[in-house]
Amino acid sequence: MYAEVIFPIPFSRRLTYLVPAEMRDQARPGVRVTAPLEKRIMTGFIYITRTELRAEEAAYQIKPLREVLDPEPLLLPSDFSFFEWIAEYYHCSPGEAFRLAIPAGSEVQTKKIIAADSEAATELYEKEKNPDSPRARVLKVLSQKKQIALKTLQKESGVKSIYSLLGSLAGRGIVTIHDELQQAKGREKRIKIVRLAKDKEAIYEELPAIERKSEKQFAVLYRLLAMGDEYIPAADLMKETQSTSAVLAALMKKKLITLDSVASERVYKETYSEEKKNLTLTPEQASVVDSVASSLNQNMFKVWLLHGVTGSGKTQVYIELLKKVLDSGKNAIMMVPEISLTPQMTARLVAHFGDDVSVIHSKFSHGERFDTRNRILEGRARIVVGPRSALFTPIRNLGIIIIDEEHDASYKQMDGTPRYHARDCAIYKAHLDGIPVLLGSATPSVESMYNTETGKYTLLKLENRVDGAEMPLIRLVNVVQEKKLNRMASIFSYTMLEKIKERIEKKEGVIILQNRRGFATQMFCFDCGTVQVCENCSVPMVLHINRNILKCHYCGYTKPTPEVCGACGSSSIKFFGTGTERVEDEISFYFPAAKITRIDSDSVSKKGLMSEILSRFREGEIDILVGTQLVSKGLDFSRVTLVGVISAEATLWMPDFRADERTFQLLTQVAGRAGRSSKPGEVVIQTQNDHHFVLQRVLDGKYYPFYFKEIGDRIRLEYPPITRMCLIEAKDKDDLKARETIMDLHKCLMVYKDTVKITAPSTAVIARLRTEYRYQILIKSNREKDPGGSVLRAVLKQAHQEFLKLRRHYDVRLTFDIDPQSIM
């Protein structure tokens, strides 16, 4: 028996392996296996099995599989079709697409380990004439570490092509290289449990004698008697009774208790919780539920776009539809932008569906991921809630996929390969399964709304808030005019400070948005004009005043805040720009008695901290939340009556074709946090141009006038959704190599200049990122002539194949971003 295995690497072919006799019953398509690949062991999926070799394989020695990892297939035939579509659509290898199905921490693979003679490496390093040569950089790392993984050595030294160098060092006895098999990091957790070994009557007869001799043994038995036939984890029992393992050993010797090992499931629990509320649907909500339910009942693929204003009760619509799906015996996927930032949604679903809900969390440990995947595989979880990765869980018998905040950019995979969009992948998955998809948003993406116009999606509306709540009153404050009138207090207008004071006196909640982290966004020398720029990226570093450091928010590089300019030595250092730290600091100056908490990715990186903060805010323990765009996502608190925006221009001035759309969505979403009950809400937006079209549409709360102008601009400038688009990027630490690579690829593409529109190679807006120089090409194809993007993908495939034949630099990275969310 032979198996074709697909590995999660940039490799297009499937490899054939012999299936040992003892594995034949387990070796089925869709299970994971470990197998030798060149000189290492890797985890892959069995694609198909067969009983004969092909003619071209007969001349080779076929290696056997090492191990079958799964008792049941993780992937079904429809899953294979799904991942093959991802590979074809997003221009990547099948292996890279199938990698999405392997949970982090579940891989079994070999890792190359370099063992070094540090003293000899130090001696050689000191003899190097050029300390920045690849050899010197590698020797420097080896002189500091006696053992290091190959990938870590490449990363720390910055040398990619390292094998010949290591070979020469190994020949001189400086290093030895060996393979180390690493087991999966996520595995079953087992705990020791204690239970009574005899019936209660027999234990009661022993108690008087036990009590006289050992108080601790008596306490253990008394606790177990109170539990009846149930068991208790040994660690919990020892903690409760203040006993030790020696006490348990003594009772086992007397045959009064037994100590066993059982599997223990790690289940993630949100610290934020809500009580179940049985709400009556409004006529609008009921109409939406009935419409979507019609395609549920017919087992029919259909894409619904629910455009509901903020506070219109979209979550309750989702809950009612999920009830219908579960009642029909089917399961569901509920996608949210970032699960760690939307604990309210999770809490409401758990309140209604209890243990039927399984959460996929970006901050899960490997063990929690392992147990969650098993719950889903065993059918104990019927609703999977999570971000992009929820789409690739092994949930079966789907009835619906719901995507909340479908406009959110976090559904797009921005790094790595493939650069897929989870919303679009979910729609194709639903197409394969013949089920409906519901996209929900108060500010639908331009692409989705355009698809309702062309008939691909069906539009549904919720135009009114629930519970009689009114939309908030929005006010634009022109800070340029306010400065002229002396009505500015640093970064705050008097208008905003007055409104904040009113809410604090009434003990109502306030949310303040500033979509930049840190204290100041630039450090500038007043004498020579030098801006402190990151050593690895071509972007200014941000001041974090609490730690007195400058930090790059792209690569994470930090350094102490200098007291003088590094270029001219001047002490005339100025700081410009405003981040959330400064906003928090200044609000605490104006309102010293107020309880203020900051929410951004710096302050809520710890698992569960966001839930804790939101619980305190709901209970009135926090008066003011200051944050980045995180405060605009999914927060629903009746006590919030004021939202303030420090600078509307934070995203509006970005050099990107989606800047207007992103700004409109962000401001509309954060404004919608105010006035979600009978208390009226108010929004104050500070801006330097209150006449800007986008801000005027936020002011009047009208989505459709904004959409029609935006789609008109996209038609005129030939941007999505009117065109199909791909952003190609070449990047490398060597500027010349990256530039030559993009030029070579451009020559191959220009053969097809009559078929697609190809821009000249250009430097990226952020020219250097994480030590790599970046060059880009943008390719567009007209949607009318290429509705499915097949023409664009064919051009990419053919040009890429030609390029691979003549490429000069094999270590330069090329990425292909189909349907890019940003061109920066």
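This one's a predicted model, so the numbers in the text were calculated from it and none came from an experiment.

## Some points on the nonpolar core
Formed by 109 residues in total, the largest nonpolar core has its most connected members in Ile401 and Ile728. The element contributing the most residues to this core is helix H1 (residues 77-89), with seven residues. For isoleucine 728, the contacting residues outside a window of four places in its chain are Ile742, Leu745, Leu749, Tyr775, Gln776, Ile777, Ile779, Leu796, Leu814, Thr815 and Phe816. Counting residues in hydrophobic clusters, the runner-up holds 28 residues, among them Leu322, Leu326, Leu349 and Leu438.

## Points about the packing of aromatic side chains
Each pair of aromatic rings is reported with the distance of its centres and the angle of its planes. Following the criterion strictly, the structure yields 24 aromatic pairs and no others. An angle of 80° between the planes, with centres 6.1 Å apart, marks the rings of phenylalanine 7 and tyrosine 17 as edge-to-face. One end of the pair, phenylalanine 7, is in the loop between strand E1 (2-6) and strand E2 (15-18); the other, tyrosine 17, is in strand E2, and 10 residues separate them in sequence. No difference in accessibility class separates phenylalanine 7 from tyrosine 17, as the two residues are buried. Ring pairs connect the aromatic residues Phe45, Tyr47, Phe80, Phe82, Phe83, Phe98, Phe392 and Tyr420, which therefore count as one cluster. Just above the ring of phenylalanine 693 sits the side chain of lysine 709; from NZ or CZ to the centre is 5.1 Å. The side chain of arginine 768 reaches across the aromatic face of tyrosine 773, ending 5.4 Å from its centre.

## Digging into the side chain of glutamine 532
Tracing the backbone shows glutamine 532 in the loop between strand E23 (522-525) and strand E24 (542-544). Classification of glutamine 532 by relative accessible area gives buried; the value is 13%.

## So, the sheet that holds E1
Reading across the sheet, the five strands line up as E2-E1-E4-E3-E5 and stay open at both edges, with antiparallel pairing between neighbours. In the strand order of this sheet, the two ends are held by E2 and strand E5 (67-68), each with one partner. Summarising the sheet, E1 and strand E4 (residues 40-50) pair through five bridges and their orientation is antiparallel. Counterpart to tyrosine 2 in the pairing with E4 is arginine 50.

## Structural notes on the packing of helix H7 (residues 200-213) against helix H8 (residues 215-227)
Remark: H7 packs on H8, axes separated minimally by 8 Å, with the N-to-C direction vectors making an angle of 155°. Taken together, H7 and H8 sit at an angle that is classed as roughly antiparallel. The handedness of the crossing between H7 and H8 is left-handed. Across the interface between the two elements, Lys200, Ile203, Tyr204, Leu207, Ile210, Glu211 and Lys213 of H7 pack against Glu215, Gln217, Phe218, Leu221 and Leu225 of H8. Here the residues of the contact of H7 with H8 sort into seven nonpolar, one polar and four charged.

## A word on the environment of threonine 258
Relative to the assigned elements, threonine 258 resides in strand E11 (residues 257-264). Residue threonine 258 is classed as partly exposed on the basis of its relative accessible area, which comes to 27%. Separated by 297 residues in the primary sequence, threonine 258 and cysteine 555 place their C-alpha atoms 54 Å from one another. When sequence neighbours within four positions are dropped, the list of residues in contact with threonine 258 reads Ile193, Val194, Arg195 and Ala197.

## With respect to the pairing of strand E13 (residues 331-335)
The element E13 is extensively covered by neighbouring structure, given that five of its five residues are classed as buried. Where burial is concerned, the two faces of E13 agree: the one with Asn331, Ile333 and Met335 and the one with Ala332 and Met334 are both buried. Bridge count between E13 and strand E15 (residues 383-386): four bridges; the pairing is parallel. Within E15, the residue paired with isoleucine 333 across the bridge is valine 384.

## Notes on empty space enclosed by the protein
All chains considered together, the criterion is met by six cavities of 30 Å³ or more. The volume enclosed by the largest cavity comes to roughly 100 Å³. Looking at the largest cavity, it is lined by 14 residues, and the ones nearest its centre are Leu74, Leu75, Phe392, Thr393 and Pro394. If you tally residues by element for the lining of the largest cavity, the top one is H1, at three residues.

## What to know about the environment of arginine 369
With respect to the secondary-structure elements, arginine 369 resides in helix H14 (residues 366-377). By relative accessible area, which is 23% here, arginine 369 ends up partly exposed. Note: C-alpha distance between arginine 369 and valine 267 (102 residues apart in sequence) is 9.3 Å. For arginine 369, the contacting residues outside a window of four places in its chain are Ala104, His361, Ser362 and Phe364.

## So, unusual backbone geometry
Here the bond from threonine 417 into proline 418 is cis, since omega is 0°, no more than 30 degrees from zero. You can see proline 418 is positioned in the loop between strand E16 (398-404) and helix H15 (422-433). That bond from proline 720 to proline 721 is cis: its omega, 10°, falls within 30 degrees of zero. Inspection of the secondary structure assignment puts proline 721 in the loop between helix H24 (703-717) and strand E32 (723-732).

## Focus: the packing of H8 against helix H9 (residues 234-241)
When two helices pack together, their arrangement is given by the angle between the helix axes and the distance between those axes. It is at 10 Å that the axes of H8 and H9 come closest, and there the two elements cross at 120°. Judged by the angle between their axes, H8 and H9 are oblique. Of the two possible hands of crossing, H8 and H9 adopt the one that is right-handed. Counted together, Lys216, Ala219, Val220, Arg223 and Leu224 of H8 and Leu237, Glu240 and Thr241 of H9 form the full contact between these two elements.

## Considerations on the state of the cysteines
On inspection of all chains with the given rule, the structure shows zero disulfides. Of all cysteine sulfurs in the structure, the one in cysteine 555 sits closest to cysteine 534, which takes part in no disulfide; the separation is 3.6 Å. In this structure cysteine 748 is a free cysteine whose sulfur lies 15 Å from that of cysteine 726, the closest cysteine sulfur available. Relative accessible area serves as the criterion here: at 10%, cysteine 748 is assigned to the buried category.

About the criteria used
- Residues numbered from 1 in each chain as written.
- Predicted model: local features only at pLDDT ≥ 70, side-chain atom pairs only at ≥ 80, totals over all residues.
- Heavy atoms only, no water.
- Core = buried A, V, L, I, M, F, W, Y, C linked by side-chain atoms within 4.5 Å.
- Buried < 20%, exposed > 50% of the residue type's maximum accessible area, 1.4 Å probe, protein only.
- Helix = DSSP H or I, 4+ residues; strand = E, 2+ residues; numbered from the N terminus.
- Contact = heavy atoms within 4.5 Å.
- Phe/Tyr/Trp six-rings, centres within 6.5 Å; stacked < 30°, edge-to-face > 60°.
- Lys NZ or Arg CZ within 6 Å of the ring centre and 35° of its normal.
- Pairing = 2+ DSSP bridges.
- Axes fitted to C-alpha atoms, helices over the stretch in contact; angles between N-to-C directions.
- Parallel < 35°, antiparallel > 145°, perpendicular 65-115°, else oblique.
- Left-handed = near helix turned anticlockwise from the far one by under 90°.
- Nonpolar A, V, L, I, M, F, W, Y, C, P; charged D, E, K, R; others polar.
- 1 Å grid on protein atoms, 1.4 Å probe; cavity = no way out; pocket = protein on both sides within 12 Å on 5 of 7 lines; lining within 4 Å.
- Points joined across faces, edges and corners; volume = space filled by probe spheres on them.
- Disulfide = S-S within 2.5 Å.

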